[in-house]
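Structure at a glance
Next come the chains, spelled out residue by residue.
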Amino acid sequence: SKPGPSSVSVYPSRYPYGTLSVEDLMQGLSQAGMVDARLEEDAGGCIITVESEDAMLQIRDNSTHIITSRLETREKIRDLLLKCLSHI
Amino acid sequence: LIMKNDSVRIARVCDAWQELGVTPHQIRYTQRVDLPSHTTAPHTHNTTHHLHATLTREFPCESVSVGECQVSVGEVLVRVQPPEPDVIVPQPPSSSSSSSHTSTSAASNHATTLLVSYTHQDETLGCKIMKIIQETYDL
(Lines give C-alpha, C1' and ligand atoms only; values in the text may rest on other atoms or scores of the structure.)
Protein backbone atom coordinates (compact mmCIF):
# COMPACT_ATOMS: atom_id res chain seq x y z
CA SER A 1 0.00 0.00 0.00
CA LYS A 2 1.08 3.56 -0.64
CA PRO A 3 2.74 5.25 2.35
CA GLY A 4 0.72 8.16 3.65
CA PRO A 5 2.08 11.65 4.18
CA SER A 6 3.89 11.71 7.48
CA SER A 7 7.06 12.72 9.21
CA VAL A 8 9.61 9.91 9.11
CA SER A 9 11.74 10.13 12.21
CA VAL A 10 12.50 6.51 13.04
CA TYR A 11 15.88 5.93 14.60
CA PRO A 12 17.97 2.86 13.79
CA SER A 13 17.98 0.03 16.30
CA ARG A 14 21.77 -0.24 16.13
CA TYR A 15 24.53 2.33 15.90
CA PRO A 16 27.72 0.75 14.52
CA TYR A 17 31.15 1.96 15.56
CA GLY A 18 34.83 1.20 15.07
CA THR A 19 36.81 -0.15 12.15
CA LEU A 20 35.46 -2.84 9.89
CA SER A 21 37.28 -6.16 9.61
CA VAL A 22 37.58 -6.52 5.84
CA GLU A 23 38.59 -10.18 6.22
CA ASP A 24 35.42 -10.97 8.15
CA LEU A 25 33.32 -9.12 5.59
CA MET A 26 34.94 -10.96 2.65
CA GLN A 27 34.26 -14.26 4.40
CA GLY A 28 30.64 -13.22 5.07
CA LEU A 29 30.12 -12.20 1.44
CA SER A 30 31.44 -15.55 0.29
CA GLN A 31 29.22 -17.45 2.72
CA ALA A 32 26.24 -15.39 1.51
CA GLY A 33 26.86 -16.65 -2.02
CA MET A 34 28.74 -13.64 -3.34
CA VAL A 35 31.74 -15.75 -4.26
CA ASP A 36 32.92 -13.36 -6.94
CA ALA A 37 33.58 -10.55 -4.41
CA ARG A 38 36.87 -8.94 -5.40
CA LEU A 39 38.97 -6.89 -3.01
CA GLU A 40 41.21 -4.10 -4.22
CA GLU A 41 43.21 -1.62 -2.18
CA ASP A 42 43.06 2.04 -3.05
CA ALA A 43 44.63 5.18 -1.65
CA GLY A 44 42.21 5.73 1.22
CA GLY A 45 41.24 2.16 2.08
CA CYS A 46 39.82 -0.55 -0.10
CA ILE A 47 37.07 -1.32 -2.58
CA ILE A 48 35.09 -4.53 -2.87
CA THR A 49 33.21 -5.21 -6.08
CA VAL A 50 30.60 -7.94 -6.49
CA GLU A 51 29.87 -8.04 -10.19
CA SER A 52 27.15 -10.71 -9.98
CA GLU A 53 25.17 -8.46 -7.60
CA ASP A 54 25.97 -5.17 -9.33
CA ALA A 55 27.42 -3.89 -6.07
CA MET A 56 30.44 -1.94 -4.94
CA LEU A 57 31.63 -1.18 -1.41
CA GLN A 58 34.03 1.63 -0.64
CA ILE A 59 35.61 1.01 2.75
CA ARG A 60 37.47 3.53 4.88
CA ASP A 61 38.60 3.41 8.54
CA ASN A 62 35.32 4.72 9.91
CA SER A 63 32.93 4.58 7.01
CA THR A 64 31.54 2.22 4.41
CA HIS A 65 29.64 3.22 1.28
CA ILE A 66 27.48 0.59 -0.42
CA ILE A 67 26.51 1.34 -4.01
CA THR A 68 24.09 -0.99 -5.76
CA SER A 69 20.97 -1.09 -7.89
CA ARG A 70 19.38 -4.04 -6.07
CA LEU A 71 17.36 -3.67 -2.90
CA GLU A 72 17.95 -7.26 -1.75
CA THR A 73 21.69 -6.90 -2.23
CA ARG A 74 21.78 -3.69 -0.19
CA GLU A 75 19.95 -5.42 2.65
CA LYS A 76 22.17 -8.52 2.51
CA ILE A 77 25.35 -6.45 2.61
CA ARG A 78 23.95 -4.18 5.34
CA ASP A 79 23.22 -7.19 7.55
CA LEU A 80 26.71 -8.57 6.95
CA LEU A 81 28.28 -5.21 7.77
CA LEU A 82 26.33 -4.90 11.00
CA LYS A 83 27.48 -8.40 11.98
CA CYS A 84 31.11 -7.43 11.38
CA LEU A 85 30.95 -4.16 13.32
CA SER A 86 30.61 -3.44 17.01
CA HIS A 87 27.45 -1.53 17.85
CA ILE A 88 25.43 0.03 20.61
CA LEU B 1 19.61 6.66 26.73
CA ILE B 2 22.74 6.44 28.90
CA MET B 3 22.66 4.30 32.02
CA LYS B 4 25.67 4.99 34.20
CA ASN B 5 26.43 5.09 37.94
CA ASP B 6 22.85 4.24 38.97
CA SER B 7 21.46 7.04 36.82
CA VAL B 8 19.63 7.21 33.53
CA ARG B 9 19.67 10.18 31.19
CA ILE B 10 18.96 11.06 27.61
CA ALA B 11 21.85 12.32 25.51
CA ARG B 12 22.34 13.33 21.90
CA VAL B 13 23.91 10.58 19.80
CA CYS B 14 27.10 12.60 19.16
CA ASP B 15 27.50 13.26 22.89
CA ALA B 16 27.00 9.57 23.66
CA TRP B 17 29.78 8.64 21.22
CA GLN B 18 32.11 11.10 22.89
CA GLU B 19 31.29 9.84 26.35
CA LEU B 20 31.82 6.23 25.30
CA GLY B 21 35.12 7.16 23.67
CA VAL B 22 34.39 5.34 20.40
CA THR B 23 34.22 6.52 16.81
CA PRO B 24 30.98 5.84 14.94
CA HIS B 25 31.22 3.87 11.72
CA GLN B 26 29.14 5.66 9.12
CA ILE B 27 27.35 3.43 6.64
CA ARG B 28 26.03 5.11 3.52
CA TYR B 29 23.82 3.48 0.92
CA THR B 30 23.52 4.67 -2.65
CA GLN B 31 20.89 2.94 -4.75
CA ARG B 32 20.85 3.37 -8.49
CA VAL B 33 17.46 3.38 -10.21
CA ASP B 34 17.26 3.39 -14.00
CA LEU B 35 14.03 4.98 -15.21
CA PRO B 36 12.80 3.45 -18.45
CA SER B 37 12.69 6.13 -21.15
CA HIS B 38 8.90 5.78 -21.60
CA THR B 39 8.24 6.69 -17.95
CA THR B 40 10.60 9.63 -17.78
CA ALA B 41 9.92 13.28 -18.31
CA PRO B 42 11.73 14.30 -21.50
CA HIS B 43 14.41 16.37 -19.78
CA THR B 44 16.44 15.95 -16.62
CA HIS B 45 15.15 19.32 -15.46
CA ASN B 46 11.54 18.10 -15.74
CA THR B 47 12.32 14.85 -13.94
CA THR B 48 13.89 16.81 -11.08
CA HIS B 49 10.87 19.07 -10.71
CA HIS B 50 8.40 16.22 -11.05
CA LEU B 51 10.29 14.36 -8.32
CA HIS B 52 10.38 17.48 -6.15
CA ALA B 53 6.60 17.95 -6.48
CA THR B 54 5.96 14.27 -5.68
CA LEU B 55 8.22 14.19 -2.63
CA THR B 56 6.89 17.52 -1.32
CA ARG B 57 3.38 16.08 -1.51
CA GLU B 58 4.40 12.82 0.17
CA PHE B 59 6.50 14.38 2.92
CA PRO B 60 4.77 17.59 4.02
CA CYS B 61 6.44 17.37 7.43
CA GLU B 62 9.98 16.98 6.10
CA SER B 63 12.34 19.58 4.70
CA VAL B 64 12.24 19.02 0.93
CA SER B 65 14.50 21.12 -1.25
CA VAL B 66 15.45 21.16 -4.90
CA GLY B 67 18.73 22.05 -6.59
CA GLU B 68 20.16 21.59 -10.04
CA CYS B 69 19.56 17.90 -10.87
CA GLN B 70 18.95 16.94 -7.26
CA VAL B 71 16.22 16.81 -4.63
CA SER B 72 16.79 16.32 -0.93
CA VAL B 73 14.35 15.17 1.73
CA GLY B 74 15.90 15.77 5.12
CA GLU B 75 19.32 14.14 4.83
CA VAL B 76 18.33 11.88 1.93
CA LEU B 77 19.62 13.00 -1.46
CA VAL B 78 18.15 12.03 -4.82
CA ARG B 79 20.37 12.91 -7.75
CA VAL B 80 19.01 12.91 -11.30
CA GLN B 81 21.51 11.87 -13.95
CA PRO B 82 20.73 12.46 -17.62
CA PRO B 83 20.82 9.57 -20.07
CA GLU B 84 24.23 8.59 -21.40
CA PRO B 85 24.98 10.29 -24.72
CA ASP B 86 24.40 8.22 -27.81
CA VAL B 87 27.16 5.79 -28.59
CA ILE B 88 28.58 5.90 -32.07
CA VAL B 89 28.25 2.45 -33.55
CA PRO B 90 30.27 1.84 -36.71
CA GLN B 91 28.24 0.25 -39.47
CA PRO B 92 29.64 -2.48 -41.69
CA PRO B 93 30.69 -1.16 -45.06
CA SER B 94 28.01 -1.48 -47.67
CA SER B 95 28.85 -3.49 -50.74
CA SER B 96 27.29 -0.79 -52.92
CA SER B 97 29.34 2.05 -51.48
CA SER B 98 32.96 2.51 -50.56
CA SER B 99 32.33 5.28 -47.99
CA SER B 100 32.24 4.37 -44.27
CA HIS B 101 29.07 4.92 -42.20
CA THR B 102 28.33 5.52 -38.59
CA SER B 103 25.08 5.77 -36.68
CA THR B 104 23.92 6.22 -33.14
CA SER B 105 22.62 3.34 -31.08
CA ALA B 106 18.91 3.07 -30.32
CA ALA B 107 17.72 5.86 -28.02
CA SER B 108 15.30 3.47 -26.29
CA ASN B 109 18.24 1.82 -24.52
CA HIS B 110 19.08 5.03 -22.68
CA ALA B 111 17.50 5.96 -19.39
CA THR B 112 17.58 8.70 -16.84
CA THR B 113 19.20 7.39 -13.67
CA LEU B 114 18.29 8.33 -10.11
CA LEU B 115 20.89 7.95 -7.37
CA VAL B 116 19.21 7.74 -3.97
CA SER B 117 21.77 8.24 -1.21
CA TYR B 118 21.25 8.03 2.55
CA THR B 119 23.05 7.00 5.71
CA HIS B 120 22.18 4.07 7.97
CA GLN B 121 20.58 6.56 10.38
CA ASP B 122 18.18 7.67 7.63
CA GLU B 123 17.42 4.20 6.33
CA THR B 124 13.69 4.35 7.09
CA LEU B 125 13.24 7.60 5.18
CA GLY B 126 15.51 6.40 2.37
CA CYS B 127 13.48 3.20 1.95
CA LYS B 128 10.20 5.15 1.88
CA ILE B 129 11.56 7.40 -0.83
CA MET B 130 12.71 4.36 -2.82
CA LYS B 131 9.21 2.89 -2.56
CA ILE B 132 7.60 6.14 -3.70
CA ILE B 133 9.97 6.33 -6.68
CA GLN B 134 9.14 2.75 -7.65
CA GLU B 135 5.40 3.47 -7.45
CA THR B 136 5.64 6.83 -9.20
CA TYR B 137 7.58 5.47 -12.16
CA ASP B 138 5.83 2.09 -12.19
CA LEU B 139 9.06 0.12 -11.72
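None of these values were measured; they are calculated from a predicted model.

What to know about the overall build of chain B
For chain B, the count of helices and strands is three helices and nine strands. Starting at the N terminus, the α and β elements of chain B follow one another as β-β-α-β-α-β-β-β-β-β-β-α. Each of the 139 residues in chain B was classed as buried or not, and the buried ones make up 33%. Across chain B, contacts joining residues at least 24 apart in sequence account for 59% of those joining residues at least 6 apart. As displayed, chain B has an accessible area near 8,300 Å², and 53% of this comes from carbon and sulfur atoms.

Some remarks on the side chain of S117(B)
Residue and element names in this part refer to chain B. On the secondary structure map, S117 appears in strand 9 (residues 112-119). Within polar-contact distance, the side chain of S117 engages the side chain of R28 at 2.8 Å. If we skip the residues at most four places from it in the chain, S117 touches R28, Y29, T30, E75, V76 and L77.

Remarks on the packing of helix 1 (residues 22-31) of chain A against helix 2 (residues 71-84) of chain A
All names here are of chain A. Running from N to C, helix 1 and helix 2 point in directions that differ by 140 degrees, and their axes come no closer than 10 Å. When the axes of helix 1 and helix 2 are compared, the pair comes out oblique. The element helix 1 and its partner helix 2 pack so that their crossing is right-handed. In this structure, helix 1 contributes D24, L25, G28 and L29 to the contact, and helix 2 contributes I77, L80, L81 and C84.

Here's the deal with the interface of chain A and chain B
At the junction of the two partners, chain A supplies 36 residues and chain B supplies 31 residues. Note that D54(A) is salt-bridged to R32(B), the shortest N-O span being 2.5 Å. On the surface where chain A and chain B come into contact, there are 18 residue pairs in polar contact (both at pLDDT 80 or more). Elements with a minimum of two residues in the side of chain A that touches chain B: strand 1 (16-17), strand 5 (63-68) and helix 2 of chain A. Looking at the side of chain A that touches chain B element by element, the count peaks at six residues for strand 5 of chain A.

Looking at the packing of aromatic side chains
Taken as a whole and judged by the stated rule, the model has three aromatic pairs over all chains. Their ring planes at 65 degrees and their centres at 6.0 Å tell us that Y17(A) and W17(B) sit as a pair that is edge-to-face. Linking Y17(A) in strand 1 with W17(B) in helix 1 (residues 13-20), this pair reaches from one chain into another. By relative accessible area, which is 23% here, Y17(A) ends up partly exposed. For W17(B), a relative accessible area of 8% puts it in the buried group. Plain terms: the ring middles of Y29(B) and Y118(B) are 5.6 Å apart, the flat faces sit at 50 degrees to each other, and that makes the pair tilted. With a gap of 89 residues between them, Y29(B) in strand 3 (residues 26-35) and Y118(B) in strand 9 connect regions that are remote in the sequence. Note on accessibility: Y29(B) and Y118(B) belong to one class, buried. Every member of this aromatic cluster is reached through a ring pair, and the members are Y15(A), Y17(A) and W17(B). Across the ring face of Y29(B), the terminal group of R74(A) is positioned such that the distance to the ring centre comes to 4.5 Å.

Notes on the nonpolar core
Membership of the largest hydrophobic core comes to 39 residues, with the highest contact counts inside it found for L25(A), L51(B), L55(B), L114(B), I129(B) and I133(B). Ranked by residues supplied to this core, first place goes to helix 3 (residues 123-136) of chain B with five residues. Setting aside anything within four residues of it in sequence, one finds L114(B) in contact with Q31(B), R32(B), V33(B), L35(B), T47(B), L51(B), V78(B), R79(B), V80(B), I133(B) and Y137(B).

About the thresholds
- Residues numbered from 1 in each chain as written.
- Chains lettered and ligands numbered in written order.
- Predicted model: local features only at pLDDT ≥ 70, side-chain atom pairs only at ≥ 80, totals over all residues.
- Heavy atoms only, no water.
- Helix = DSSP H or I, 4+ residues; strand = E, 2+ residues; numbered from the N terminus.
- Buried < 20%, exposed > 50% of the residue type's maximum accessible area, 1.4 Å probe, protein only.
- Contact = heavy atoms within 4.5 Å.
- Areas by Shrake-Rupley, 256 points an atom, 1.4 Å probe, with all protein chains shown as cover.
- Polar contact = N/O pair within 3.5 Å; in protein donor to acceptor, adjacent residues only side chain to side chain.
- Axes fitted to C-alpha atoms, helices over the stretch in contact; angles between N-to-C directions.
- Parallel < 35°, antiparallel > 145°, perpendicular 65-115°, else oblique.
- Left-handed = near helix turned anticlockwise from the far one by under 90°.
- Salt bridge = Lys/Arg side-chain N within 4 Å of Asp/Glu carboxyl O.
- Phe/Tyr/Trp six-rings, centres within 6.5 Å; stacked < 30°, edge-to-face > 60°.
- Lys NZ or Arg CZ within 6 Å of the ring centre and 35° of its normal.
- Core = buried A, V, L, I, M, F, W, Y, C linked by side-chain atoms within 4.5 Å.

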